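The primary structure of each chain is shown beneath.
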2 protein chains.
Amino acid sequence: MSDVLVDIGMSLDGFIAGPNASPQNALGDEGHRIHQWMDNIEGWRERQGRSGGETNTDDEVVREYFTRVGAYVMGRRMFDEGEKGWPNPPPFQAPVFILTHESREPWKRQGGTTFTFVTDGIESALEQATAAAGEKDVKIAGGANVVRQFLEVGLIDELQIHLAPVLLGDGVRLFDHTSSEPIELDITRVIDSPKVTHLGYLVITEK
Amino acid sequence: MSDVLVDIGMSLDGFIAGPNASPQNALGDEGHRIHQWMDNIEGWRERQGRSGGETNTDDEVVREYFTRVGAYVMGRRMFDEGEKGWPNPPPFQAPVFILTHESREPWKRQGGTTFTFVTDGIESALEQATAAAGEKDVKIAGGANVVRQFLEVGLIDELQIHLAPVLLGDGVRLFDHTSSEPIELDITRVIDSPKVTHLGYLVITEK
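Here's a quick rundown of the structure. (Residues numbered from 1 in each chain as written. Chains lettered and ligands numbered in written order. Predicted model: local features only at pLDDT ≥ 70, side-chain atom pairs only at ≥ 80, totals over all residues. Heavy atoms only, no water.)

Superposing chain A onto chain B takes a rotation of 180° combined with a translation of 0.0 Å along the rotation axis, leaving an RMSD of 0.0 Å. Taken together, these values place the two copies in the relation of a two-fold axis. Residue Gly 14 of chain A of chain A places its C-alpha closer to the rotation axis than any other residue of that unit, at 3.3 Å. (Least-squares fit on C-alpha atoms with pLDDT ≥ 70 in both.)

So, about the packing of aromatic side chains. What characterises a pair of aromatic rings is the spacing of the ring centres plus the angle enclosed by the ring planes. Residues and elements named next belong to chain A. Counted by the stated rule, this structure contains 22 aromatic pairs over all chains. Aromatic side chains Trp 86 and Phe 115 sit 5.6 Å apart centroid to centroid with 15° between the ring planes, which places their arrangement in the stacked category. Here Trp 86, found in the loop between helix 4 (76-83) and strand 4 (95-99), pairs with Phe 115, found in strand 6 (residues 114-118); they are 29 residues apart in sequence, far enough to count as distant. For Phe 115, a relative accessible area of 1% gives the class buried. (Phe/Tyr/Trp six-rings, centres within 6.5 Å; stacked < 30°, edge-to-face > 60°. Helix = DSSP H or I, 4+ residues; strand = E, 2+ residues; numbered from the N terminus. Buried < 20%, exposed > 50% of the residue type's maximum accessible area, 1.4 Å probe, protein only.)

What follows deals with the pattern of salt bridges. Counted according to the given criterion, the structure contains 26 salt bridges over all chains. A salt bridge links Arg 63 of chain B to Glu 46 of chain B, with the shortest nitrogen-to-oxygen separation between them at 3.0 Å. Of this pair, Arg 63 of chain B sits in helix 3 (residues 57-68) while Glu 46 of chain B sits in helix 2 (residues 42-47), and the two are 17 residues apart along the sequence. Via salt bridges that share partners, Glu 42, Glu 46, Asp 59 and Arg 63 of chain A belong to a single interconnected network. (Salt bridge = Lys/Arg side-chain N within 4 Å of Asp/Glu carboxyl O.)

Contact residues are listed per partner, giving 37 residues for chain A and 37 residues for chain B. In total, chain A and chain B occlude about 3,100 Å² of area from one another, counting both sides; carbon and sulfur atoms represent 59% of this. Where chain A touches chain B, the interface holds 4 salt bridges. Note that Arg 33 of chain A and Glu 184 of chain B form a salt bridge whose closest N and O atoms lie 2.5 Å from each other. At the boundary of chain A and chain B, one finds 10 residue pairs in polar contact (both at pLDDT 80 or more). Elements represented by at least two residues in the side of chain A that touches chain B include exactly strand 8 (158-164), strand 9 (166-167), strand 11 (183-193) and strand 12 (196-203) of chain A. (Contact = heavy atoms within 4.5 Å. Buried area = accessible area lost by both parts, 1.4 Å probe. Polar contact = N/O pair within 3.5 Å; in protein donor to acceptor, adjacent residues only side chain to side chain.)

Right, dumping it as structure tokens:
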């Protein structure tokens, strides 16, 4: 059975992108500071078709995540912002289901990435992604509003937060009035690395 | 030379108290979830005049902090909310400097806690607290708006964040548009404990 996970970089003050994000400025102003621990990671460079990079604890975390994930769900805005910027092959190398109101033909790219456009809601997108993932897990890729929609209805099993040592001051919050009720988590792992802290949680569902 | 530190519990979604905080509800609705890791810590119970409790990693963190801190700076609202609730002797056992616009005579309590009311601004309060702390450190106790004021002018050396595994959903944020510029941090320690993650940072001052 697939797990549904969120795996995302966040600043200590809760931002996953800086302000003024756009297709030309996908991470927002100063948003690169959230992700700078990944800049020189071999496993991440490989996905972007670049050689070189470091093999360290952070690299192991990135590789583990790519190994786990068999399909993605993504919001339309995140797709639009990334569409022009991703290389071909894109870094996903797996099916990606885009939540949108406009239907569009699937867009097949090199390396195993196919973008499929889903117009009938988040549960349908998750069902399709789960079927596509097989034994692997499904990642809710973002943006923040999409993560919040899945959290609100109790469809997230696991959070992997890569907490960057920076106070960004402004931008796009991951958790912004997520839910009307508190959501309890179990800490599953904490990996202390020089440039980032990798935090794993299970969402405790009270039923 | 004293360090100036912030040492505070925060939910994964950035809240240090729940909504609707008041003197009768000092932690706000559901805010106890942020601090529940401390409920049964021996070193914290001692400070409240209660016996018993656990001695574990969390207890060591709490005791270390009490040993380090020689004086406190606190906002008026936090004082007002706590004033009726603190036992006598209060848990501080050190001088506490309250930022206020109304002058008031110092209020001496049992066990080494004296509340001194400072009407001429945050830098004056910090000077007085630093002098009172001697070789020990000064804690900016809160609330969030006071922490932000000190951060904005570059007067915080160190953050110790006790990150609770809960999404509170609403309440009082610690970091809410802290600064117009990003503030870079150095990770100094990460302590993985079952109910909380203790995160230590130095504030990098770019001059």
